[in-house]
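# Architecture at a glance
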Amino acid sequence: MKILSTYKVKIKTYNHIFRGTVEVYRHAVDFLIDVCLKEWVEIKKIDLSLSRQQYVERLCHFTKKHPETVYDFDKKFYKFPSFLRRAAINEAIGKVSSYKSNLKNWEEEDPNTRGRKPSFPRAGYIYPCMYRKNMYQRTGAYEAKIKVYIRNTWDWLTVKLRKSDMDYIERRCSGRRKCVPVLQKRGKEWHLDFPFEEFLELCDVDVADRIICAVDLGINSAATISVMCSDGTIIGRHFLKLPKEQDCLTHNINRIKKTQQHGNRKMPRLWAKVNGINHDISVKTAEFIMDIAALYNADVIIFEYLEKKGKKHGSRKQRLHLWKSQEVQRIVMDKAHRLGMHIARICAWNTSRLAYDGSGRVLRGKQAGFSSYSVCQFQNGKVYNCDLSASYNIGARYFIREILKSLPEKERLALEAEVPQAAKRSTCTWSTLIRLNAELVSSVA
């Protein structure tokens, strides 16, 4: 498996001097987007991306073999570096190709239900790549030369890189393949972003021998994890609650609400504090999940597929809007792949609503007479932790899917006839997995 990671290195001393480089590059991409739009009929006929790039380059760049050009790119962008020009051409072709495909899909939809027409492509907030030898040269351990647009021409500029950033890269990324750096601005500071590429092999374990970590991410409780085997045996239960961080987050949200009541709308400092607390919660949650997965030597980490699009309703819609479940999953995915673990997602419907023992829908909150939503009541009167029951169902749905997927169609249909709940994934619970395993054992016997 190929893994890409990026590490930023702060450029010391200089600040506004790189603005002209980015502006010229974006203007060049806008110019080439107009060229691609006018010539798209011919570009579309070419299959290979390299051939497309060469075709556009012949239209606008003067050479000895091609002295006549249709568009005078060289006159408008004098001494534009060749590698950067080709990168701008590829960027323009990609944006125009995306625009044309989106426009075609929009035209084929029903005029009464389709949304707005796709906007005209523009360069936007893109940044130039510093290609080696042509745009970037390393001159020392903490020093490099980059070609930038200064004094109305392209010239080399020596920049000093932050020592701590370069030492970190040397220590952590020595065994990885270094790719082309990108000049990037964050806030008021400029950085060189160094992408790294590495190849890793993920574990390949049979379904019957897998150990999984089923994770239920919550809004109040950060994470509930059940470590499960393929036969439904629970070998570990772990809970993560971050009361201090949650109280701090609630306090700062209330500060924003109070400030909004007095007419203030833009509160960058208050929102920056809320986002920082939220990010801290995400990092701590991801670290806890990875610690549990490493403790049990898990093969797969299971999450719910959470669709958070659309307008949010209810009294806790702001808490739901600030819920960083996607960020937690992204951090865990990056860490797990480096340890050779797989990441899987299952259907989230009814995982918390259905009891893990198959007794049916649970009662929560005021329906069951509880002041908290952390516990629920089953139809048979049993009171249980709601998030723990949901984590059982998450792990069971993964194993049900993998078991049925590995069987021939005839055997799968026979099993689904014996266990009807397994046919519909949104109704599967932990009890469904137990019944499914029992039917498999009896069929083998």
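Heads up: the structure comes first, above all this text.
Let us look at the pattern of salt bridges. Applying the stated rule across the entire model yields 20 salt bridges. Two residues, Arg 186 and Asp 193, come together in a salt bridge whose shortest N-O distance is 2.8 Å. On the accessibility criterion, Asp 193 (7% relative accessible area) is buried. Glu 402 is the partner of Arg 401 in a salt bridge, and the nearest nitrogen-oxygen pair spans 3.7 Å. Each of Arg 210, Arg 401, Glu 402 and Lys 405 takes part in one network of salt bridges that share partners.

It is at 8 Å that the axes of helix H1 (residues 19-38) and helix H5 (residues 82-108) come closest, and there the two elements cross at 50 degrees. With respect to H5, the element H1 is oriented oblique. Viewed along their axes, H1 and H5 form a crossing whose handedness is right-handed. Here Tyr 25, Val 29, Leu 32, Ile 33, Cys 36 and Leu 37 of H1 come into contact with H5, specifically with Leu 84, Arg 85, Ala 87, Ala 88, Ile 89, Glu 91, Ala 92, Ile 93, Lys 95, Val 96, Tyr 99 and Lys 100. Broken down by class, the residue content of the contact of H1 with H5 amounts to 14 nonpolar, no polar and 4 charged.

Once that is clear, we can look at the sheet that holds strand S9 (residues 223-229). Read from one edge of the open sheet, 5 strands run S10-S9-S8-S11-S12, paired in mixed fashion. On the outer flanks of this sheet lie strand S10 (234-240) and strand S12 (342-347), each paired with one strand and no other. On average, each strand axis in the sheet is tilted by 25 degrees relative to the strand beside it, whichever way the strands run. For strand S8 (residues 211-217) and S9, the ladder comprises 7 bridges, and the chain directions are antiparallel. Looking at the pairing, Ile 211 lines up with Cys 229 of S9.

What follows is about the packing of aromatic side chains. The full count for this structure, using the stated rule, is 23 aromatic pairs. Aromatic pair Tyr 99 and Phe 120: ring centres 6.1 Å apart, planes at 65 degrees, arrangement edge-to-face. Taken together, the positions of Tyr 99 in helix H5 and Phe 120 in the loop between H5 and strand S2 (136-140) put the pair 21 residues apart, joining distant regions of the chain. Relative accessible area serves as the criterion here: at 12%, Tyr 99 is assigned to the buried category. A centroid spacing of 5.5 Å and a plane angle of 65 degrees characterise the contact between Tyr 149 and Trp 154, whose relative ring orientation is edge-to-face. Residue Tyr 149 is classed as partly exposed on the basis of its relative accessible area of 24%. Classification of Trp 154 by relative accessible area gives buried; the value is 9%. An aromatic cluster is present here, built from Phe 31, Phe 73, Phe 77, Phe 80, Tyr 149 and Trp 154 joined pairwise through their rings.

A few words now on the packing of helix H3 (residues 49-60) against H5. Relative orientation of the contacting elements H3 and H5 amounts to 110 degrees, with a least axis distance of 10 Å. As judged from the angle between their axes, H3 and H5 are roughly perpendicular. For the pair H3 and H5, the sense of crossing is right-handed. Here Arg 52, Gln 53, Val 56 and Glu 57 of H3 come into contact with H5, specifically with Arg 85, Arg 86, Ile 89, Asn 90 and Ile 93. Tallied by class, the residues present in the contact of H3 with H5 amount to 3 nonpolar, 2 polar and 4 charged.

This brings us to the nonpolar core. Core analysis: the largest hydrophobic core is formed by 59 residues, its most contacted members being Phe 18, Leu 32, Val 56, Phe 80 and Leu 192. Ranked by residues supplied to this core, first place goes to H1 with 11 residues. The contact partners of Leu 192, leaving out residues within four places of it in the chain, are Tyr 7, Lys 8, Val 9, Ile 11, Met 130, Tyr 136, Ile 146, Leu 161, Pro 181, Val 182 and Leu 183. By size, the runner-up hydrophobic cluster in this structure holds 36 residues, among which are Leu 249, Leu 306, Val 328 and Ala 336.

This part covers the pairing of strand S11 (residues 300-305). Across the 6 residues that make up S11, a large majority, 5, are buried. In this sheet, S11 lies alongside S8 in parallel orientation, the contact comprising 3 bridges. Note that in S11 the partner of Cys 213 across the bridge is Ile 301. Here S11 pairs with S12 via 6 bridges, running parallel. Paired with Ile 302 across the two strands is Ala 344, which belongs to S12.

Criteria and cut-off values
Residues numbered from 1 in each chain as written. Predicted model: local features only at pLDDT ≥ 70, side-chain atom pairs only at ≥ 80, totals over all residues. Heavy atoms only, no water. Salt bridge = Lys/Arg side-chain N within 4 Å of Asp/Glu carboxyl O. Buried < 20%, exposed > 50% of the residue type's maximum accessible area, 1.4 Å probe, protein only. Axes fitted to C-alpha atoms, helices over the stretch in contact; angles between N-to-C directions. Helix = DSSP H or I, 4+ residues; strand = E, 2+ residues; numbered from the N terminus. Parallel < 35°, antiparallel > 145°, perpendicular 65-115°, else oblique. Left-handed = near helix turned anticlockwise from the far one by under 90°. Contact = heavy atoms within 4.5 Å. Nonpolar A, V, L, I, M, F, W, Y, C, P; charged D, E, K, R; others polar. Pairing = 2+ DSSP bridges. Phe/Tyr/Trp six-rings, centres within 6.5 Å; stacked < 30°, edge-to-face > 60°. Core = buried A, V, L, I, M, F, W, Y, C linked by side-chain atoms within 4.5 Å.

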